[in-house]
Amino acid sequence: MKEFFQLLKQGNKSALTAAVVNALVSLVKGVTYIFTGNVAMFAETLHSLGDALNQLFVFTGSALSKKSPTKRFPKGFGRVVNLVLLGAVIVVGIMAYETIKEGISHIIHPSESTGFLLNLLVLLGCTFLESTVLVKAMKEITHEAGVQATGLKLFPAAIKNLKSAKAATKLVFMEDSVATGGGLLAALAVVISHFTPFHQAEGIASILIGLMMFIVVGEVFLDNAAGAIGESDEGMHLQVGQLIMSDPDVKDIQVLTVLKEGDSFHVDAEVELDSSLTLAEIDQIRERIEDSVMTFPHVSDVLITFDEVDSVTDWEYGDGR
């Protein structure tokens, strides 16, 4: 139990913050829906509740993925976060289905909701809270990518470096982007429904929010299905290969594998050296290369093997093939 709580301290902080905020937001929205019967508010309640549960799973999974390797699992538990995220998207998918179904029902049988001012204030207030979580996630993304960005440059920088973010941080960013956009969309639908006879606006907003949730489900599923199987990271592959080739004693790279396990990278390389080198010199080269590669962020282990120089050039144009 003590080890479990120690692992929780290493969990993704953005996911934990988002889970707490979305839990509070879903409670406020849910109570408001009970009193007003607003369909857009119902959609936002399910959306925030799904996000809260999802992000709680993500936080737990990101913490458990930090568990040290064992004899049974010598590569560690990095892929746990991918497995947890695959389970979490099921929750969001169910919420998205219910949101769309309720929206269609409201379009077919439109009705005017009550409590216009209450609905509007709650939606705008909750959207503001969710936007603060979104800003925190964007800062996490730029930090993990080693990029400096502030103010209006933060959002485009986060989008540009989204692929470099940890799986948990990426999920929080995507979900709270949809949450912020969905909150504004729901608020607009409430205004339209109140000031015009077009009460179907709330149903349309509900459907659009559900569709945005499904987009998140699809993106997260594809990313983490690849991560659960074991995915090679092209960007890190190129950087590691260039670093190894920059060593003065390395003549070529026969094989290079950079495998992503959760938030960590495992590097396995077979390089060519001059056959005249002694064993002592080869050991020094191995230590030098491994120490250099370990300086990259999130690289957990490096395995370097050697072969003598042949007449075939394997590392060309940075593709390692």
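Residues numbered from 1 in each chain as written. Predicted model: local features only at pLDDT ≥ 70, side-chain atom pairs only at ≥ 80, totals over all residues. Heavy atoms only, no water.

- You'll find the protein chain entered in an unreviewed UniProt entry as Cation transporter, with Listeria fleischmannii given as the organism.
- Listed in UniProt under the heading Subcellular location (unreviewed entry), the comment for the protein chain reads: "Membrane". (UniProt positions renumbered as here; feature names shortened; annotations may be inferred.)

### Some details on helix α9 (residues 234-245)
- For α9, with 12 residues, the first-to-last C-alpha span of 16 Å sits near the 16 Å given by 1.5 Å per residue.
- Residues of α9 that are buried include every one of Met236, His237, Val240, Gly241 and Ile244, and no others. The arc that holds every buried residue of α9, seen down its axis, measures 130 degrees, which confines them to one face.
- Residues of α9 that are buried make contact with β2 (252-261), β3 (264-273) and α10 (279-293). (Helix = DSSP H or I, 4+ residues; strand = E, 2+ residues; numbered from the N terminus. Expected span 1.5 Å × (residues − 1). Buried < 20%, exposed > 50% of the residue type's maximum accessible area, 1.4 Å probe, protein only. Arc of directions from axis to C-beta. Contact = heavy atoms within 4.5 Å.)

### What about the environment of serine 206?
- Position of serine 206 relative to the elements: it lies in helix α8 (residues 200-229).
- Given the relative accessible area of 0%, serine 206 is considered buried.
- The sequence separation of serine 206 and alanine 186 amounts to 20 residues, and the corresponding C-alpha distance is 7.5 Å.
- Those residues within four positions of serine 206 in sequence are excluded, and the remaining contacts are Val39, Ala43, Thr99 and Gly103.

### Side note on the sheet that holds β2
- The mixed open sheet is built from four strands, whose spatial order is β1-β2-β3-β4. Strand pairing shows two members of the sheet lacking a second neighbour, β1 (231-232) and β4 (299-308), which therefore form its edges.
- Where β3 and β4 come together, nine bridges link them in parallel fashion. Across the sheet, residue glutamate 270 finds its bridge partner in β4, namely threonine 305.
- Against the sheet, α9 touches β1, β2 and β3, its axis set at about 140 degrees to β2. (Pairing = 2+ DSSP bridges. Axes fitted to C-alpha atoms, helices over the stretch in contact; angles between N-to-C directions.)

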